[in-house]
Amino acid sequence: MEKAAGCPAVGGSYPQKNAEILSSQYGINLFLAGLLLTFAWAVHAVGISKSHLLSYLITLMLIQLLWMLWYLCRSCTQRRLIQDKDTHAGARWLKCGITLFAVITLILDSFKIGYYIDFSNCLSPTEGIFPVTHAVHTILQVYFLWCHAKDVIQSFKTLERFGVIHSVFTNLLLWTNGVLTESKHQLNEHKERLITLGFGNITIVLDDHAPQCNCTTTTLCSIFSQGIYYLYPFNIEYHILASTMLYVLWKNIGRKVEHHQQIKTPFKFHGITVGMISGLIVLISTIAIVVVYLIQIGGSKIKSELALTMFYLHAIFVLALMCTAGIVALLIYRLEDRSLDNSKNPARKLDAELLVGTAAGSWLLSWGSILAIICAQGHPKYTWYNLPYSVLVIIEKYIQNLFIIESIHREQEKANDDIKTLRIVTISRGSALSLPPLYKEIYNGRAARDSGDVPCLIKGSICGTENDGAGVAKEETSQDNSLVMHSASDISFDSRNSVTNNKRRILKNIAVFLFLCNLSLWIPPAFGCRPEYDNGLEEIVFGFEPWIIVVNLAMPFSIFYRMHSAASLFEVNCKT
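Residues numbered from 1 in each chain as written. Predicted model: local features only at pLDDT ≥ 70, side-chain atom pairs only at ≥ 80, totals over all residues. Heavy atoms only, no water.

Novice: Where do I start with the state of the cysteines in this structure?
Specialist: Two cysteines, two sulfur atoms, one covalent bond between them: this is a disulfide. On inspection of all chains with the given rule, the structure shows 0 disulfides. Cys-147 takes part in no disulfide bond, and the closest cysteine sulfur to it belongs to Cys-76, at a distance of 8.4 Å. (Disulfide = S-S within 2.5 Å.)

And the structure:
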């Protein structure tokens, strides 16, 4: 009978599991088809043009728009349909971040529309339709994520799985398209810089997709064409953040959520002055380094070598500080005895997987640089700085990943079960009166119970106890009015509380410092300061095209790692 009763429940899970498998395979095939179209356009494949790629992306965005509109309408008409919420998904600070990136993406779309208008004589209509569709898609998607990122869908689950996974891979394809376009622009600049460093044996062939006609207004065309590439890093981050939030929504479909009270952890500036100031110094100095680097690199061989040396020295110093901060934080964790939260949490699991997965991109580049330094026959002076830089990149990410993953898995501090209330006992003519409690005390070990004795300390000596039932206490002082009894264990609690607060203050400062450092290290590669391109040593050892392929594949993951780490560290600071 038990087996028969259990069969429907077990069998009922199979359709949903099959729906999850089918929807994931649909999304993968959708992505692979778009990836091949992107690759074909990038290598100038016969019969494949940019209009074909844009048409495919426009179609995917329109399908997602229809699904989001249907979902929003269904949610409005049936407000009680979705009751469960994943409190860990779609944090407010994450929504604010994606909104900021979306606003800059809308500016990018407006630049693309202006660029199309100026070159409308020789551009395909799809290049004008794409930014308009993308702008509408961005606005509706941000609204959708603000309102429904926490949903745990329990109805129309099969249909919703396909709709959400379609949205995930649509954003991944838009991210891929942005990465490729920005990488091609960086590659053209890189080829021109190699000449100034003396690598004349490398064939310089620019891969230019510029329109084959004149611009109607030269000044505006220059602004649009140059401004677009400075806005692409924000567009890239927007799409990867959107895809991760949608992926968590997909994983939550049909999930049984454990209902428990969520502890709100707002961000506070109190007690993080040291970490904030140190991080801001790193951020400002990094921006200055990037500006000088972009001005000096490619100007002449001497200027380029000085720019590379300056970059490596600054990065080595910052990475060494980050390693030290991470080690201190891990040592503090080892001194604490706090259990880990191992409950099922798709958002937290995805955060940990993304940290390790995207770190592999920069690890690949670092090991390539290390091998190039070891194997190269000639070593310009500035290339030797690349060795400690590459080693520190590997170590720093290893330590930081340990710190972040442990931090997001640690249980937040809760009130101790052994909280007791001190009583103020007023002794008046042989009778005792218990007044309402004024403050709470945490007892460790064997704590005095309400029905038992309450230890007290006056001027370093034990003064008395509260009797059972009768409430009669011995008078130890000459005063007849009242006597306030203080617990001896309160002193030890204060000392322990002070130590705990100091540890938390150190951890919060470390989290803020690492947060700003990761933002600082996101800026150089995102805005064209990439020594992996410019030092030239790796191209000699591995060959120009193989190394460029490695860099173009690994660099987007390295850039995303820094932004994702910054987001995770912000959460760590709020939880600490």
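Still more ground to cover, so stick around.
Novice: It is not clear to me how the packing of helix 9 (residues 346-375) against helix 14 (residues 544-575) should be interpreted in this structure. Could you clarify?
Specialist: A packed helix pair is summarised by two numbers, namely the angle formed by the two axes and the spacing between the axes. Where helix 9 meets helix 14, the closest approach of the two axes is 7 Å, and the angle between their N-to-C directions is 140°. Here helix 14 runs oblique to helix 9, going by the angle between their axes. When you trace helix 9 past helix 14, the crossing you get is left-handed. Where helix 9 abuts helix 14, its residues Asp-351, Leu-354, Leu-355, Thr-358, Ala-359, Gly-361, Ser-362, Leu-364, Leu-365, Gly-368 and Ser-369 lie against Trp-547, Val-550, Val-551, Ala-554, Met-555, Phe-557, Ser-558, Phe-560, Tyr-561, His-564, Ser-565 and Glu-571. Taken together, the residues that form the contact of helix 9 with helix 14 break down as 13 nonpolar, 8 polar and 2 charged. (Axes fitted to C-alpha atoms, helices over the stretch in contact; angles between N-to-C directions. Helix = DSSP H or I, 4+ residues; strand = E, 2+ residues; numbered from the N terminus. Parallel < 35°, antiparallel > 145°, perpendicular 65-115°, else oblique. Left-handed = near helix turned anticlockwise from the far one by under 90°. Contact = heavy atoms within 4.5 Å. Nonpolar A, V, L, I, M, F, W, Y, C, P; charged D, E, K, R; others polar.)

Novice: Which parts of the structure should I look at to understand the nonpolar core?
Specialist: Among soluble globular proteins, nonpolar side chains are generally buried collectively. Residues Phe-144, Phe-311, Met-322, Tyr-389, Phe-403 and Leu-514 are the most contacted members of the largest nonpolar core, which totals 123 residues. With 16 residues, helix 6 (residues 218-251) is the single largest residue contributor to this core. Mapping this core onto the domain boundaries places at least three of its residues in each of domain 1 (15-258) and domain 2 (267-413 + 500-575). (Core = buried A, V, L, I, M, F, W, Y, C linked by side-chain atoms within 4.5 Å. Buried < 20%, exposed > 50% of the residue type's maximum accessible area, 1.4 Å probe, protein only. Domains from an automatic or database assignment.)

Novice: Just checking my understanding: could you explain the pattern of salt bridges for this structure?
Specialist: Between side chains of opposite charge, a pair can form when the charged atoms approach closely. Counted according to the given criterion, the structure contains 5 salt bridges. Between Arg-74 and Glu-160 there is a salt bridge, with the nearest N and O atoms lying 2.5 Å from each other. Taken as a pair, Arg-74 in helix 2 (residues 50-77) and Glu-160 in helix 5 (residues 157-196) lie far apart in primary sequence, 86 residues in all. Of the two residues, Arg-74 and Glu-160, neither departs from the other in class, the shared state being buried. Two residues, Glu-182 and Arg-530, come together in a salt bridge whose shortest N-O distance is 3.2 Å. On the criterion of sequence distance, the pair formed by Glu-182 in helix 5 and Arg-530 in the loop between helix 11 (489-526) and helix 12 (531-534) is long-range, its members being 348 residues apart. Residue Glu-182 is classed as buried on the basis of its relative accessible area, which comes to 4%. For Arg-530, a relative accessible area of 2% translates into the label buried. (Salt bridge = Lys/Arg side-chain N within 4 Å of Asp/Glu carboxyl O.)

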